[in-house]
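# Observations on chain architecture
Below are the chains, spelled out letter by letter.
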Amino acid sequence: MNIKKLIIYCICFVFVLSACKSTQKTDTADAKYHELEIRQEINYGKTIALRIIRRYGVVQDKKATYYLNQVGKSIALFAGRSDFEYHFAILDSNSINAFAAPGGYIFVTKGAILLMRNEGHLAAVLSHEIAHVNLKHILNELPPPRDTQGVIDRTSAILSARGTIVSTAMDQVAEKAIQLLLEKGLKVEAEMEADHAAMAYLGETGYGPGALPDYLEILKKAKSSKKANQVYNTHPPLTRRIAALYQIIKENKYPEKRPKVKTRFEKNMGHLKKSVKLGE
Amino acid sequence: MRYKVILFFISVFLSAGILAQTLYVSSAKTNLYSEASSEAKKISELKRGDRLTLVKEQGSWVLVKSDSKQGWVKKLFVSTQKPGDKVSILSESKTNKNVHIRKRASSDVTAASARGLSQSNEGVSARFRGDKSMLEISEGYAILETMEVLTIDEEDLLDFLKEERIQN
């Protein structure tokens, strides 16, 4: 081997080595950037979640809330994003709806739970909301401002909420997100996409995907019998959603016989039925 | 010969850095199927963090290589991001409990300013409040903190699912 060849081999070797090293550096930088993005997403979600909590109030029931979290976190274990924790709470409202804020903050109204007949129905609603978080529907529709990577704290929450001292870019976007979630609703495509993903999440966790169209049928009946006057009014028409879901079950050959878990659901949620009239 | 060696190094560089896309399993566990269908034969069980090499995509499925095996996995349960520790932003009051909270003069004033509402859209949002006023900010924040500190071990969640035969 002459010296010329040796030099060329050495150059090539160094070239490959440096490429590997730069890939490692990129990986580290990517990981740091990813963590910053996640922190920003959680921060954004907290800002929105605080507003939802203040508007509706939360049912202070340890048994029901723990059970809700057992079901929700179980689905997240199989179908959630692994970079943050998911949090679930029951909103003190007899209207029938559920909401998801970025960063894993998920809410179901008491009215929505009262219409459920088993754990499968609860899992179906939570899967749909987890899908909104995973598919970043709010984040894509209304991205948070890029310069707010700090941590929301009690002081800034109070000051910005009062609107007298601080009015941050984050607050303005969060307010728009609230209007989107609670009043206008997400795009029809986003809702259908969340339904589609929810079916896969249910199947992956071990619940029956049929629980989702089954629950929507209950909502449809409740709406037509006027038992409930605010049924998922931020979502696409129920008939369209139900038809699409049955089509998904057919195409994917999802198993029909999966546990519905009625007794455990009644044991943990049954007591919420006392002193409630739907739609009030 | 010299050019062949150079080409070899370049191809190694390209295949290592650009062509081979790495995916990671994001679900606690999921199956590797022989075809792009849940009805297909299960080749093996994958667990969170398993490293996969993307071969091709087809609808909601991806064909991947896992160790020496090749099979299909649902796109929803893999990620380009390696699962790491959960990022957590615990509330500031966990470290500073002496934040002064000034009582508001009226719940309606705070409610309106919290939403940054103008006179025109106040009516639209007011219907969500019903007869109830919005919660105090401190109260809302305390609820948010309660939500965040509730964690359940992975083992307990699996037991919860196994109890009703949702998982085997």
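Quick look at the structure, then. Source: prediction; values computed, not measured.

Rules used in this analysis
- Residues numbered from 1 in each chain as written.
- Chains lettered and ligands numbered in written order.
- Predicted model: local features only at pLDDT ≥ 70, side-chain atom pairs only at ≥ 80, totals over all residues.
- Heavy atoms only, no water.
- Helix = DSSP H or I, 4+ residues; strand = E, 2+ residues; numbered from the N terminus.
- Buried < 20%, exposed > 50% of the residue type's maximum accessible area, 1.4 Å probe, protein only.
- Areas by Shrake-Rupley, 256 points an atom, 1.4 Å probe, with all protein chains shown as cover.
- Salt bridge = Lys/Arg side-chain N within 4 Å of Asp/Glu carboxyl O.
- Contact = heavy atoms within 4.5 Å.
- Pairing = 2+ DSSP bridges.
- Axes fitted to C-alpha atoms, helices over the stretch in contact; angles between N-to-C directions.
- Core = buried A, V, L, I, M, F, W, Y, C linked by side-chain atoms within 4.5 Å.
- Phe/Tyr/Trp six-rings, centres within 6.5 Å; stacked < 30°, edge-to-face > 60°.

Here we come to the overall build of chain B. The number of helices and strands found in chain B is five helices and seven strands. In sequence order, chain B lays out its α and β elements as α-β-β-β-β-β-β-β-α-α-α-α. Here chain B holds 168 residues, and 38% of them are scored as buried. Carbon and sulfur atoms make up 50% of the accessible area of chain B, which totals about 10,300 Å².

All names here are of chain A. Following the criterion strictly, the structure yields 16 salt bridges over all chains and no others. Residue R55 pairs with E183 through a salt bridge whose shortest N-O separation is 3.5 Å. Of this pair, R55 sits in helix 1 (residues 3–56) while E183 is found in helix 7 (residues 169–184), placing the two residues 128 residues apart along the sequence. Considered together, R55 and E183 belong to a single accessibility category, that of buried residues. Close ionic contact of R241 with D195 constitutes a salt bridge, the shortest N to O distance being 2.9 Å. Of this pair, R241 sits in helix 10 (residues 238–252) while D195 sits in helix 8 (residues 188–205), placing them 46 residues apart in sequence. For R241, a relative accessible area of 1% gives the class buried. For D195, a relative accessible area of 2% translates into the label buried. Counted as one network, the salt bridges with shared partners bring together E41, R81 and D83.

This paragraph deals with the environment of M199 of chain A. All names here are of chain A. Considering the arrangement of structural elements, one finds M199 in helix 8. M199 gets classed as buried once you look at its relative accessible area, which sits at 0%. Between the C-alpha atoms of M199 and A211, which are 12 residues apart in sequence, the distance is 8.7 Å. The residues touching M199, leaving out its near neighbours within four places in the chain, are P209, L212, P213, L245, I248, I249 and Y254.

This part is about the sheet that holds strand 1 (residues 87–91) of chain A. All names here are of chain A. Spatial strand order, 1-3-2: three strands in an open sheet with mixed pairing. Both edges of this open sheet fall to strand 1 and strand 2 (98–101), since each of them pairs with a single strand only. Averaged over all pairs of adjacent strands, the angle between their axes in this sheet comes to 20 degrees, without regard to strand direction. Across the sheet, helix 2 (residues 62–79) touches strand 1 and strand 3 (105–109), and the angle it forms with strand 1 is around 135 degrees.

Okay, the nonpolar core next. One finds I48 and M269 of chain A to be the most contacted residues of the largest nonpolar core, which totals 102 residues. Filtering out sequence-adjacent residues up to four positions away, I48 of chain A remains in contact with A101, P102, I138, A174, A177, I178 and L181 of chain A. Ranked by size, the runner-up nonpolar core spans 10 residues in total, among them L52, L54, V62 and V64 of chain B.

Residue and element names in this part refer to chain A. Across the two faces of strand 2 the burial is the same, with A98 and A100 and F99 and A101 all buried. Where strand 2 meets strand 3, four bridges bridge the pair, whose relative direction is antiparallel. Along strand 3, the bridge assignment pairs A101 with Y105.

Next up on the list: the packing of aromatic side chains. Considering all chains together, one arrives at six aromatic pairs over all chains under this definition. Look at Y33 of chain B and W61 of chain B: their rings are 5.7 Å apart centre to centre, the planes differ by 80 degrees, and that puts the pair in the edge-to-face class. Of this pair, Y33 of chain B sits in strand 2 (residues 29–33) while W61 of chain B sits in strand 5 (residues 61–66), and the two are 28 residues apart along the sequence. Each member of the pair, Y33 of chain B as well as W61 of chain B, is classed as buried. By way of ring pairs, the aromatic residues Y67 and F265 of chain A together with F160 of chain B are connected into one cluster.

Another aspect to go through is the pairing of strand 3 of chain A. Residues and elements named next belong to chain A. The buried fraction of strand 3 is high, at five of five residues. Of the two faces of strand 3, the one carrying Y105, F107 and T109 and the one carrying I106 and V108 are both buried. When strand 1 meets strand 3, the two strands line up parallel, connected through five bridges. When the sheet's bridge partners are listed, A89 is paired in strand 3 with F107. Taking the residues between adjacent antiparallel strands as the criterion, strand 2 and strand 3 are bridged by three residues, where G103 takes a positive phi near 80 degrees.

It is worth spelling out the environment of F160 of chain B at this point. Of note, F160 of chain B is situated in helix 5 (residues 154–163). Judged by its relative accessible area of 5%, F160 of chain B falls in the buried class. Those residues within four positions of F160 of chain B in sequence are excluded, and the remaining contacts are Y67, Q70, V71, S74, E119, Y207 and R264 of chain A.

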